[in-house]
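Geometric and topological summary
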Amino acid sequence: MEYVSTRGGTRAVDFEGALFSGYAPDGGLFMPQRIPSLDRDTLQRWSSLSYPELVKELCSLFVPATLVPRNALNELVDRAFSRFRHKNVVHLSRLKEGLNVLELWHGVTYAFKDLSLSCTGQFLQYFLEKKQKHVNILVGTSGDTGSSAIESVRGQKNMDIFVLLPKGLCTQIQELQMTTVIEDNVHVFAAHGNSDEIDEPIKELFADVDFAGKYNLMSLNSVNWSRIMVQIAHYFYAYFQCAPSLDTSPLPMVEIVVPTGGGGNITAGCIAQKMGLPIRLVTVVNSNDIIHRTVQNGDFSLAESVKATLASAMDIQEPYNVERILWLLSGSDSHLIKTLMEQFNISKRLKLPEDLHRKLSGTLGSCSASDQDIVGAMRRCWEENQYLLCPHSAVAAHYHYSQPHSIPRCCLAPASAAKFQDALLRAGLVPQIPPEITALTAMETRSTSLERRQDWAQVLRGQIEAVTQHWEAQVGQSAPQGRGGSLGR
């Protein structure tokens, strides 16, 4: 299994190469050269597997045993999920009016990103220990990625992580989950800008190939293939939990509704669908609706500004993983994708070719929800079920309540409602706060402020150079040179 850039200008790499990469050197994103196809017998055999077992089976298709032997892969996945609170790691709540909510938030930070990042952290550590290598991880976060990424690598001697968060645009809990981690290898920056703006200095550093190579840069935003790979399991688990029977021919369809920000999770769904899983996919967004406009009208163009919404982790204007979806649907036409994305990067406006738009709208349904819609879904779910939804999960629930369905439907829930007290209060609901989250407010915090007048990329360069020199001094020798890499938003 080799991985190629969506823009076709980079040589193919193996899983380790894709893992230790941010954007590909040509500006594209790594994708598997070939998507495995699963037959009916495999799906039936997998239907009784637990979530962790599904992750192991899926990862084994994309990570050759020559790189990570299957026994080692199993141990890494088990270790990754050892800190999850629910015995099944994820849990499906079957609520009234056919509302099925797949809770993906039982990890340390109460967010779905704990699932993929805990595994990615284990994969990184596996290779780093073997090669005695040090990496610098760069992460831009709109809310949950930062804390999940920090938890996946905190305290590790051969990894330093640099997290940029948009000051005042995350919830207090999201921010505290990052700034209260006092570890030598954790460096948090509170930037006075929005989610898209904090991506710019990260892109600038990755684009400096000499710097990225010298300091072994990588990112844990969902540009990292490893995160997409693990998230494919969400769709298989949701399908097997919600499909009425696998004894019919053809296999029954299940609709899966996916709250979408940077687009990593919905990309994983498109891959699961391409592998042969009989699912319909619906991408749901808040008022920052570029993906919705792209699906409905082929209009992949920025709005005038990012709108602050109750579903703050989805306040994103440039969902970079759309590039991966378009590459899949174009039949891996890297020349076309390179042309389209270069046009978008220049003008921030793109009208999809008619054929590509037709394939996209045939693959994905879409919906946009206002803050009023979100509040309404949160209230209704509580009134009918005494069940609290986070505002991102409520975007999916809004779609469910507003759209009739003739087949089973599953709504993915990316975060616990406990992380979004202000949204709950706005909906007239009473937050239920776990003691681990309450304790955050009394803990010491540490972060570096990035003001608008500063050159953020230059500040990061200085910090990265300093920590690398410190690591080299500790090991008493120069750090081996290696490929850069990335962990996603």
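Only a predicted model underlies this, so the values are computations on that prediction, with no experimental measurement involved.

Strands in a sheet are paired, the pairing made by backbone hydrogen bonds, and the direction either parallel or antiparallel. Ordered by their spatial adjacency, five strands build an open sheet running β8-β5-β6-β7-β13, and the pairing between neighbours is parallel. Here the strands that pair on one side only, and so sit at the sheet edges, are β8 (217-218) and β13 (448-450). As judged from the six bridges shared by strand β5 (residues 135-140) and strand β6 (residues 159-166), these two strands associate in the parallel manner. Note that in β6 the partner of Leu 138 across the bridge is Phe 162. Running at roughly 155° to β6, helix α7 (residues 172-179) makes contact with β6 and β7 (186-191) of the sheet. Across the sheet, helix α8 (residues 195-207) is in contact with β5, β6, β7 and β8; its angle to β5 comes to roughly 155°.

Before going further, it helps to examine the pattern of salt bridges. Tallied over the full model, the rule gives 21 salt bridges. In this structure, the salt-bridge partner of Arg 7 is Glu 323, at a minimum N-O distance of 2.8 Å. Here Arg 7, found in the loop between β1 (3-5) and α1 (15-19), pairs with Glu 323, found in helix α13 (residues 322-329); they are 316 residues apart in sequence, far enough to count as distant. Assessed through its relative accessible area of 10%, Arg 7 is described here as buried. The residue Glu 151 makes a salt bridge to Arg 154 at a minimum N-O spacing of 3.2 Å. The buried category is assigned to Glu 151, whose relative accessible area is 15%. Each member of the salt-bridge network shares a partner with another, and the members are Arg 83, Glu 151, Arg 154 and Glu 183.

Under the criterion given, the structure shown has six cavities of 30 Å³ or more. Looking at the largest cavity, its volume works out to about 240 Å³. In this structure, the largest cavity is lined by 23 residues; those nearest its centre are Phe 112, Lys 113, Pro 259, Gly 261 and Gly 262. Going through the elements one at a time, α10 (225-242), β9 (254-259) and α11 (264-274) are the ones with two or more residues in the lining of the largest cavity. The greatest single-element share of the lining of the largest cavity, amounting to three residues, is contributed by α11. In terms of residue class, the lining of the largest cavity is made up of nine nonpolar, ten polar and four charged. In this model, the second largest cavity occupies a volume close to 80 Å³. Around the second largest cavity, the lining is made up of eleven residues, and of these Tyr 23, Asp 199, Ile 202, Ser 219 and Asn 221 lie nearest the centre.

It is worth spelling out the nonpolar core at this point. Counting residues in hydrophobic clusters, the biggest one holds 112 residues, and the most contacted among them are Trp 225 and Phe 236. Considering every element that reaches this core, the biggest residue donor is α10, with 13 residues. Membership of the second largest hydrophobic core comes to 36 residues, among which are Leu 310, Cys 367, Val 375 and Ala 413.

Right, let's get into the UniProt feature "domain: Threonine synthase N-terminal" (unreviewed entry) in the protein. Those places that UniProt annotates as "domain: Threonine synthase N-terminal" (unreviewed entry) correspond, in this numbering, to residues 2-81. The span residues 2-81 is 44% helical and 8% strand by assignment, and the distance between its end C-alpha atoms comes to 27 Å.

The geometry of helix α16 (residues 371-385) relative to helix α17 (residues 391-402) is characterised by a closest axis approach of 8 Å and an angle of 80° between their N-to-C directions. Relative to α17, the element α16 is oriented roughly perpendicular. Contacts between α16 and α17 involve Asp 373, Ile 374, Ala 377, Met 378, Arg 380, Cys 381, Glu 384 and Asn 385 on the former and, on the latter, Pro 391, Ala 394, Val 395, Ala 397, His 398 and Tyr 401. Here the contact of α16 with α17 is composed, by residue class, of nine nonpolar, two polar and three charged.

Pairing within the open sheet is mixed, and its six strands lie in the order β3-β4-β12-β9-β10-β11. Strand pairing shows two members of the sheet lacking a second neighbour, β3 (91-94) and β11 (364-368), which therefore form its edges. Taking the axes of each pair of neighbouring strands and ignoring which way they run, one obtains an average angle of 25° across the sheet. Here strand β10 (residues 279-285) pairs with β11 via five bridges, running parallel. Of the residues in β11, the one forming a bridge with Val 282 is Gly 365. Against the sheet, helix α15 (residues 354-363) contacts β10 and β11, and its axis sits at roughly 75° relative to β11. The strands touched by α17 within the sheet are β9, β10, β11 and β12 (409-413), with β12 carrying the most contacts at an inclination of about 160°.

On inspection of all chains with the given rule, the structure shows 16 aromatic pairs. Ring geometry for Phe 211 versus Tyr 215: centroids 4.7 Å apart, planes at 45°, classification tilted. As far as burial versus exposure is concerned, Phe 211 and Tyr 215 are alike and both buried. A connected cluster of aromatic rings, assembled from ring pairs, spans Tyr 3, Phe 15, Phe 20, Phe 62, Phe 123, Tyr 126, Phe 127 and Trp 225. Its guanidinium or amino end placed over the ring of Phe 211, Arg 461 lies 4.9 Å from that ring's centre, counting from NZ or CZ.

Parameters at a glance
Residues numbered from 1 in each chain as written. Predicted model: local features only at pLDDT ≥ 70, side-chain atom pairs only at ≥ 80, totals over all residues. Heavy atoms only, no water. Pairing = 2+ DSSP bridges. Helix = DSSP H or I, 4+ residues; strand = E, 2+ residues; numbered from the N terminus. Contact = heavy atoms within 4.5 Å. Axes fitted to C-alpha atoms, helices over the stretch in contact; angles between N-to-C directions. Salt bridge = Lys/Arg side-chain N within 4 Å of Asp/Glu carboxyl O. Buried < 20%, exposed > 50% of the residue type's maximum accessible area, 1.4 Å probe, protein only. 1 Å grid on protein atoms, 1.4 Å probe; cavity = no way out; pocket = protein on both sides within 12 Å on 5 of 7 lines; lining within 4 Å. Points joined across faces, edges and corners; volume = space filled by probe spheres on them. Nonpolar A, V, L, I, M, F, W, Y, C, P; charged D, E, K, R; others polar. Core = buried A, V, L, I, M, F, W, Y, C linked by side-chain atoms within 4.5 Å. UniProt positions renumbered as here; feature names shortened; annotations may be inferred. Parallel < 35°, antiparallel > 145°, perpendicular 65-115°, else oblique. Phe/Tyr/Trp six-rings, centres within 6.5 Å; stacked < 30°, edge-to-face > 60°. Lys NZ or Arg CZ within 6 Å of the ring centre and 35° of its normal.

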